[in-house]
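Geometric and topological summary
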Amino acid sequence: AQSVTQLDSHVSVSEGTPVLLRCNYSSSYSPSLFWYVQHPNKGLQLLLKYTSAATLVKGINGFEAEFKKSETSFHLTKPSAHMSDAAEYFCVVSDQDYKLSFGAGTTVTVRA
Amino acid sequence: GAGVSQSPSNKVTEKGKDVELRCDPISGHTALYWYRQSLGQGLEFLIYFQGNSAPDKSGLPSDRFSAERTGGSVSTLTIQRTQQEDSAVYLCASSSTPYEQYFGPGTRLTVT
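Digging into the overall build of chain A
Each helix and strand in chain A was counted, giving zero helices and 12 strands. Along chain A, from the amino end to the carboxyl end, the secondary structure elements read β-β-β-β-β-β-β-β-β-β-β-β. For 112 residues, the compact-globule formula gives about 13 Å, and the C-alpha radius of gyration of chain A, at 13 Å, lands near that figure. Counting only C-alpha atoms and orienting by the principal axes, one finds that chain A spans roughly 40 × 25 × 20 Å. Out of the 112 residues belonging to chain A, those deemed buried represent 46%.

Structure below.
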């Protein structure tokens, strides 16, 4: 069985400050992990993915995430938030090749 | 090229009526997925099509839900005798590899 827990339902940051979105996963197998972003009234967009290669994964728009097996975590970070980063972010796990399990989401607001 | 498209973008229906939701995947993508996103919850897997293989219907919540994919391209999700708990955003995704699912903008279904 696979599942994901996003530890924060809402994160608020000031523009130009770091962003940290926390995610813990549970998986019976060696998982694949993803972060997706959903802007208001838009579809989900893949930010980055981990599929058993390098544990530090770089994605689009300056985001990166680190896979830590010992902590079963896959936290998402960005060094400097931009107003356009305001959106909902989903941590996703898959221990089968296509069946994705989504976390409940973290809403990010960015203050000017 | 064009992304995944879904229609209609919004659908309001009366309880007990049947609805059909349509998904046009990215051309050449052999895999197609349907998910449901209910208010305050993450995405829930519904069904998966891969080429000519039998679909994985394990996520369909009841026998009122069905889906088909014609000619390996367009897919229709049908909900019969709609109930208020069916109100949600229904998302379609397609992929050419398991790890990169491209999502459409969704259909927001409201059952009154």
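Overview of the interface of chain B and chain A
With 18 residues of chain B at the interface, the matching set in chain A holds 17 residues. When chain B packs against chain A, the two sides together hide about 1600 Å² of surface, and 58% of this comes from carbon and sulfur. Looking at the side of chain B facing chain A, the largest losses of area belong to L43, Y99 and F103 of chain B, adding up to 35% of the total buried there. Where chain B meets chain A, there are one salt bridge. Along the contact surface separating chain B from chain A lie three residue pairs in polar contact (both at pLDDT 80 or more). By residue class, the composition of the side of chain B that touches chain A is 10 nonpolar, six polar and two charged.

Structural notes on the environment of D8 of chain A
Residue and element names in this part refer to chain A. One can find D8 in the loop between β1 (2–6) and β2 (10–14). Assessed through its relative accessible area of 18%, D8 is described here as buried. Here the alpha-carbon distance between D8 and V108, two residues 100 residues apart in the chain, equals 9.8 Å.

Notes on the side chain of T106 of chain A
One can find T106 of chain A in strand β12 (residues 106–111). Here T106 of chain A is in contact with Q6, D8, S9, H10, V11, L21, A87, E88 and Y89 of chain A, once residues within four sequence places are set aside.

Here we look at the side chain of K78 of chain A
All names here are of chain A. For K78, the location among the structural elements is in strand β9 (residues 73–78). For K78, a relative accessible area of 10% puts it in the buried group. For K78, the side chain forms a polar contact with the main-chain oxygen of N61, separated by 3.0 Å. Excluding anything up to four places from it in sequence, K78 contacts P18, V19, N61, G62, F63 and D85.

As for the layout of surface pockets
In this model, the largest pocket occupies a volume close to 580 Å³. Residue assignment for the lining of the largest pocket shows that the elements contributing at least two residues are β10 (87–94) of chain A together with β8 (88–95) and β10 (107–111) of chain B. Element by element, the count of residues in the lining of the largest pocket is highest for β10 of chain B, at four residues. Volume-wise, the second largest pocket comes out at about 160 Å³. With three residues, the top contributor of residues to the lining of the second largest pocket is strand β4 (residues 23–27) of chain A. Taken together, the residues of the lining of the second largest pocket break down into five nonpolar, five polar and one charged.

Notes on the sheet that holds strand β3 (residues 19–24) of chain B
All names here are of chain B. The strand order β1-β3-β7-β6 describes an open sheet built from four strands, whose pairing is antiparallel. Strand pairing shows two members of the sheet lacking a second neighbour, β1 (5–7) and β6 (65–69), which therefore form its edges. Taken over all neighbouring pairs, the strand axes of this sheet differ in orientation by 15 degrees on average, direction set aside. As paired elements, β3 and strand β7 (residues 75–79) share five bridges and run antiparallel to each other. Within the sheet, the bridge partner assigned to C23 lies in β7 and is S75.

What counts and how
Sequence order as written defines the numbering, with residues in each chain counted from 1. Think of it this way: whatever chain is written first is A, whatever ligand is written first is 1, and the rest follow in order. Given that the model is predicted, a residue must reach a pLDDT of at least 70 before its local features are reported, and side-chain atom pairs must reach 80 or more before they are shown or counted; all residues, however, enter totals for whole chains, interfaces and linings. Note: side-chain values were computed over all heavy atoms of the structure, leaving out hydrogens and water. Helix numbering and strand numbering both begin at the N terminus, where a helix is a DSSP run of H or I of at least 4 residues and a strand a DSSP run of E of at least 2. The quantity called the radius of gyration is restricted to C-alpha atoms. Its globule counterpart is 2.2 Å times the number of residues to the power 0.38. Three labels apply to residues, based on accessible area from a 1.4 Å probe with only protein chains included: buried if under 20% of the type maximum, exposed if over 50%, partly exposed otherwise in between. In this analysis, two residues are considered to be in contact whenever any of their non-hydrogen atoms come within 4.5 Å of each other. Accessible surface is computed with a 1.4 Å probe, and the buried area is the amount of it that two parts give up when combined, taken over both parts together. By definition here, a salt bridge exists when the distance from a side-chain nitrogen of Lys or Arg to a carboxyl oxygen of Asp or Glu is within 4 Å. Whenever two N or O atoms come within 3.5 Å, that pair is a polar contact, provided that in protein one can donate a hydrogen and the other can accept it, and provided that, for residues adjacent in sequence, both atoms are side-chain atoms. When residue character is reported, Ala, Val, Leu, Ile, Met, Phe, Trp, Tyr, Cys and Pro are called nonpolar, Asp, Glu, Lys and Arg charged, and the others, Gly included, polar. The definitions used throughout rest on a 1 Å grid laid over the protein atoms alone, on which a cavity is an enclosed set of points accommodating a 1.4 Å probe that cannot get out and a pocket is an open set flanked by protein within 12 Å on both sides along at least five of seven lines; lining residues are those having an atom within 4 Å of a point. Grid points are joined across faces, edges and corners, and a volume is the space filled by probe spheres set on the points. Two strands qualify as a pair provided that DSSP identifies no fewer than 2 bridges between them. In this analysis, axes come from line fits to C-alpha atoms, helices being fitted only over the stretch in contact, and the angle between any two N-to-C directions falls in the range 0 to 180 degrees.

Distances and angles like these do not, on their own, reveal function.
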